[in-house]
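Each chain, written out:
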Amino acid sequence: MPLTSDAEIRALLEETRTIALIGASDRPDRPSYRVMQALQAHGYRVIPVNPQITGEHVHGEFVFRDLTQLGDPIDMVDIFRNAAAAGEAVDQAIAAGAKSVWMQLGVINEEAAARAEAAGLKVVMDRCPAIELPRLDVPPIG
């Protein structure tokens, strides 16, 4: 079952340090751009992933093509993709050894969530960490 209680989600946000953000954008008008900025401001290391802007930088971080390129371990994969594409992102997260996957607002993929949970990952769906952090009063990291 995906995490739904405030206590579970707060604990996940408190234990997370490194987040790979799939669907990161270099455009300030995009939600993923603003969410990445908010997560960094809270103290997380956020690694942007987007094959369309690979090699560029967003908020000071190098943009990777996909999770297979990351050399550093990641705690969470934050998915800014539609529900149909979320399955591929979840499979990459499992292969990369992530501890959790977070599907953004409007992204619900029960099959992908079940695969992630079967692989031992925690799952959050249809929520935004940038909204949950202040709502749950999660202290900044660092």
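Attention here is on the structure that accompanies the text. The shown structure was predicted, so the numbers you read here are calculated from the model rather than taken from an experiment. (Residues numbered from 1 in each chain as written. Predicted model: local features only at pLDDT ≥ 70, side-chain atom pairs only at ≥ 80, totals over all residues. Heavy atoms only, no water.)

A count of helices and strands for the chain gives five helices and seven strands. The secondary structure elements of the chain, listed N-terminal to C-terminal, are α-β-α-β-β-β-β-α-β-α-β-α. Scaling as 2.2 N^0.38, a compact globule of 142 residues should have a C-alpha radius of gyration of about 14 Å, and the chain matches this with 14 Å. Expressed as lengths along the three principal axes of its C-alpha atoms, the size of the chain is roughly 35 × 30 × 25 Å. Across the 142 residues of the chain, 49% fall into the buried class. In the chain, 58% of the contacts between residues at least 6 apart in sequence involve partners at least 24 apart. (Helix = DSSP H or I, 4+ residues; strand = E, 2+ residues; numbered from the N terminus. Rg over C-alpha atoms; globule rule 2.2 N^0.38 Å. Buried < 20%, exposed > 50% of the residue type's maximum accessible area, 1.4 Å probe, protein only. Contact = heavy atoms within 4.5 Å.)

Turning our eyes to something else, we now look at the nonpolar core. If you look at the biggest cluster of nonpolar residues, it comprises 25 residues, and the most contacted ones within it are Ile-9, Leu-13, Leu-21, Leu-39, Tyr-44 and Trp-102. Put simply, the parts of the chain that give this core at least two residues each are α1 (6–15), β1 (18–22) and α2 (31–41). Here the element with the most residues in this core is α2; it accounts for four residues. Residues within four places of Ile-9 in sequence aside, it is in contact with Leu-3, Thr-4, Trp-102, Val-124, Arg-127, Glu-132 and Leu-136. One finds Ile-74, Ile-79, Ala-116 and Met-125 within the second-largest nonpolar core, a separate group that totals 24 residues. (Core = buried A, V, L, I, M, F, W, Y, C linked by side-chain atoms within 4.5 Å.)

Our next topic: the pairing of β1. The buried fraction of β1 is high, at five of five residues. Residues Thr-18, Ala-20 and Ile-22 of β1 are buried on one face, and the alternating residues Ile-19 and Leu-21, pointing to the opposite face, are buried as well. As defined by bridge partners, β1 adjoins strand β2 (residues 45–49) across five bridges and the pair is classed as parallel. Following the sheet pairing, Leu-21 is matched in β2 by Pro-48. Of the crossover connections in this fold, the one passing from β1 over α2 to the parallel β2 is right-handed. (Pairing = 2+ DSSP bridges. Right-handed = clockwise from strand over helix to strand, strands pointing away.)

Summed over all chains, the structure comprises one aromatic pair. When the ring of Phe-62 is compared with that of Phe-64, the centres are 5.0 Å apart and the planes differ by 70 degrees; the resulting orientation is edge-to-face. Residue Phe-64 is classed as buried on the basis of its relative accessible area, which comes to 19%. (Phe/Tyr/Trp six-rings, centres within 6.5 Å; stacked < 30°, edge-to-face > 60°.)

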